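Each chain is listed here by its residues.
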Amino acid sequence: MKNKETRLNIALQKSGRLSEKSFELLSKCGLELAQGKRSLICRSQELPVDVLLLRDDDVPTFVSEGVCDIGIVGQNVLLEETLGTKEGENLETVMELGFSGCRLSIALPKEKEYNSLEDIKGCKLATTYPKILQNFLDKNKINAMAVKMEGSVEIAPSLGLADGICDIVSSGATLEAHGLVEVEKIFQSQAVLVGRKNMSVEKRAILVTILERIKGVRAAAKSKYVMLNAPKSKLKDICALLPGSESPTIIPLADENKVAVHAVCLEPVFWSTMESLKSAGATSVLILPIEKMLV
Ligand SMILES: Nc1ncnc2c1ncn2[C@@H]1O[C@H](COP(=O)(O)OP(=O)(O)OP(=O)(O)O)[C@@H](O)[C@H]1O
Ligand SMILES: O=P(O)(O)OC[C@H]1O[C@H](OP(=O)(O)OP(=O)(O)O)[C@H](O)[C@@H]1O
Ligand SMILES: [Mg+2]
């Protein structure tokens, strides 16, 4: 009998703040996912990978229980779901993904005076993250109460349900719209790839392929391909200005006094860099995006 193929199961958020970026990342890694309209599982033809679509809060449990091998989740949810449980012992952060950056903060109505944490003693704070909040309060020896809400937390103070909140802040626009002011940042978060610690050798091999591709996608996103022409006499100065470039390719030109320089720059190339290149004698400076890169 033929052995069952080993496939890596990945848990992704079905819809929400993480899902679009997660799908985009996998797609850039060559994992085009065939998904029916209402299907909660999709298969990749390119690699032995299946993707399960979940609520983000369920991602840590699915991975720690071994239903999925890896998953994408915010560090805020990962910490909330694993604080004080055995679940976290099976899990490891495999890679920080650099998107969905946000912070968990305490915010109070703008009328309330705030000088230090002492001012929230005895307060009721509405939050979706009671364990992270309680942990922060305990560490700072502040006696305040966490009131659990599943969403729309910012509305709680104006309805008299709480004195303040502890919720996700990114631009701060939601706080402002609800007359709240951020007074303490308690946790900085981004999306991570979380994995189960004891994975089979076969599954780990698939994971390594995906990790290498993610590294390539992220390196390509930051990098640029630079092409320019340089007078031979200025070549050294011009090459020194190329940010994060290992060893540029130098190509002869019809004009014997000039060469073409092609380089992969692993750091951002700003307008100011291009202006410096021009001042140093470079002409026809072109900056091109890089689609894929194996690093
Ligand atoms: N405004 C924001 N800016 C950046 N990242 C955010 C923002 N809001 C949330 N996030 C991040 O995205 C994650 C998912 O947020 P989302 O609002 O989609 O969660 P949710 O409503 O709990 O979703 P689900 O329905 O899957 O339970 C958060 O846990 C956080 O890590
Ligand atoms: O500081 P800001 O940029 O305003 O972002 C913060 C808001 O973003 C998230 O909500 P989201 O908009 O995802 O809606 P949700 O409450 O339905 O999850 C979070 O719960 C905050 O309410
Ligand atoms: Mg959720």
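Procedures and definitions
- Residues numbered from 1 in each chain as written.
- Chains lettered and ligands numbered in written order.
- Predicted model: local features only at pLDDT ≥ 70, side-chain atom pairs only at ≥ 80, totals over all residues.
- Helix = DSSP H or I, 4+ residues; strand = E, 2+ residues; numbered from the N terminus.
- Expected span 1.5 Å × (residues − 1).
- Contact = placed C-beta atoms within 7 Å.
- Buried ≥ 20, exposed ≤ 12 C-beta atoms within 10 Å, placed from the backbone.
- Near = placed C-beta within 6 Å.
- UniProt positions renumbered as here; feature names shortened; annotations may be inferred.

Re helix α6 (residues 201–222)
Helix length check: α6 (22 residues) gives 32 Å between terminal C-alpha atoms against 32 Å at 1.5 Å per residue, within 8%. Lining the buried residues of α6 we find β1 (8–13), β4 (49–54), β5 (70–74) and β12 (191–196).

Focus on the environment of Lys-28
You can see Lys-28 is positioned in helix α1 (residues 19–28). A tally of 17 C-beta atoms within 10 Å means that Lys-28 is categorised as partly exposed. Expressed as a C-alpha distance, the spacing of Lys-28 and Ile-214, which sit 186 residues apart in the sequence, is 8.1 Å.

Thoughts on the site of ligand 2
Residues in close proximity to ligand 2 include Arg-17, Gly-151, Glu-154, Asp-167, Ile-168, Val-169, Ser-170, Ser-171, Gly-172, Ala-173 and Thr-174, which together make up its full environment. Those elements that place two or more of their residues in the shell around ligand 2 are β10 (164–169) and α5 (173–177). Broken down by element, the residue count for the shell around ligand 2 peaks at three residues, all from β10.

Considerations on the UniProt feature "domain: Histidine biosynthesis HisG C-terminal" (unreviewed entry) in the protein
Within the UniProt annotation, "domain: Histidine biosynthesis HisG C-terminal" (unreviewed entry) is assigned to residues 220–292. The distance separating the terminal C-alpha atoms of residues 220–292 is 6 Å; by composition the span is 25% helix and 37% strand.

Thoughts on unusual backbone geometry
Most peptide bonds are trans, and most residues other than glycine sit at a negative phi. A positive phi angle, near 50 degrees, is found at Ser-100, a position not held by glycine. Within the fold, Ser-100 resides in the loop between β6 (91–96) and β7 (102–109). Among the residues examined, Ser-100 registers 24 C-beta atoms within 10 Å and is labelled buried. At Ser-284, a residue that is not glycine, the phi angle is positive and equals roughly 50 degrees. Looking at the element boundaries, Ser-284 is found in strand β16 (residues 283–289). When the 11 C-beta atoms within 10 Å are taken as the criterion, Ser-284 is described as exposed.

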